[in-house]
Amino acid sequence: RQKLRLLGDCWTFALFAAITIFFVMAVQRGLTPAPPILTYGLLAALVLYTAYGAVQSLRDVKSGMALAQEDLLIRSHRRRLRRGGYGIPFGYFEQLGAMRLPPEVYSQNSAGRRYLVIYSPASKVVWSLEPPEERSR
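Below, the structure is looked at part by part. (Residues numbered from 1 in each chain as written. Predicted model: local features only at pLDDT ≥ 70, side-chain atom pairs only at ≥ 80, totals over all residues. Heavy atoms only, no water.)

1. With respect to the side chain of Ser57
Among the secondary structure elements, Ser57 is positioned in helix H2 (residues 37-63). Once you skip the residues sitting within four places of it in the chain, Ser57 turns out to touch Leu6, Asp9, Cys10 and Ser123. (Helix = DSSP H or I, 4+ residues; strand = E, 2+ residues; numbered from the N terminus. Contact = heavy atoms within 4.5 Å.)

2. Here we look at the layout of surface pockets
Space left empty within the atom packing is revealed by a probe, the size of a water molecule, rolled over the atoms. Volume-wise, the largest pocket comes out at about 550 Å³. Secondary-structure elements contributing two or more residues to the lining of the largest pocket are helix H1 (2-28), H2, strand E2 (86-93) and strand E3 (97-100). Among the elements that make up the lining of the largest pocket, the one with the highest residue count is H2 (7 residues). Of the residues that constitute the lining of the largest pocket, the class distribution is 8 nonpolar, 7 polar and 4 charged. (1 Å grid on protein atoms, 1.4 Å probe; cavity = no way out; pocket = protein on both sides within 12 Å on 5 of 7 lines; lining within 4 Å. Points joined across faces, edges and corners; volume = space filled by probe spheres on them. Nonpolar A, V, L, I, M, F, W, Y, C, P; charged D, E, K, R; others polar.)

3. Side note on the packing of aromatic side chains
In total, this model carries 1 aromatic pair according to the counting rule given. Ring plane angle 50° and centroid distance 6.4 Å describe the contact between Phe23 and Tyr40, whose orientation is recorded as tilted. Taken as a pair, Phe23 in helix H1 and Tyr40 in helix H2 lie far apart in primary sequence, 17 residues in all. One Lys or Arg, Arg75, reaches over the ring of Tyr92 and ends 4.6 Å from the middle of that ring. (Phe/Tyr/Trp six-rings, centres within 6.5 Å; stacked < 30°, edge-to-face > 60°. Lys NZ or Arg CZ within 6 Å of the ring centre and 35° of its normal.)

4. A short note on the pattern of salt bridges
Going through the model one piece at a time under the given rule, you end up with 2 salt bridges. Close ionic contact of Glu70 with Arg114 constitutes a salt bridge, the shortest N to O distance being 3.5 Å. Of this pair, Glu70 sits in strand E1 (residues 67-80) while Arg114 sits in strand E4 (residues 113-120), and the two are 44 residues apart along the sequence. Among the residues examined, Glu70 registers a relative accessible area of 33% and is labelled partly exposed. Residue Arg114 is classed as partly exposed on the basis of its relative accessible area of 34%. (Salt bridge = Lys/Arg side-chain N within 4 Å of Asp/Glu carboxyl O. Buried < 20%, exposed > 50% of the residue type's maximum accessible area, 1.4 Å probe, protein only.)

5. Focus: the nonpolar core
Core analysis: the largest hydrophobic core is formed by 11 residues, namely Leu73, Phe93, Leu96, Met99, Leu101, Val105, Tyr115, Val117, Tyr119, Val126 and Leu129. Sorting elements by how many residues they give to this core places E4 first, with 3 residues. Leu73 has contacts with Gly91, Tyr92, Phe93, Asn109, Ser110, Ala111, Gly112, Arg113, Tyr115 and Leu129, leaving out every residue within four places of it along the chain. Formed by 6 residues, the second largest nonpolar core is a distinct cluster that contains Leu6, Val61, Leu116 and Val125. (Core = buried A, V, L, I, M, F, W, Y, C linked by side-chain atoms within 4.5 Å.)

By themselves, these observations are geometric and do not establish any function.
Put into structure tokens, the structure is as follows:
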């Protein structure tokens, strides 16, 4: 399940790369008017950003394992989007820093507690948070 979720991050890159290629081809063939040069820069930045995320996810898939470390969850939150709704949840840890939290992990955590954090290091995704008292049983 974790590998599939990491590979899903690669689809975002593939989608933006395909859209960019088709857009540039449409402009070159005269099917659409040429946009301002800034548009090309924004598209390139978006493709590079998603490519970086895809490479990080592929690194974690290739390694085939997640890491575990005990750490203090300082806080977690979801950014409120302009159109309503919420963005990707994040957790901020004392030693690990900012990490993405899948919804099932985000909904079961409490800030200010120590956890055994199971995570993928390159893509910075937390797969589970286990309170120390649960691990000792």
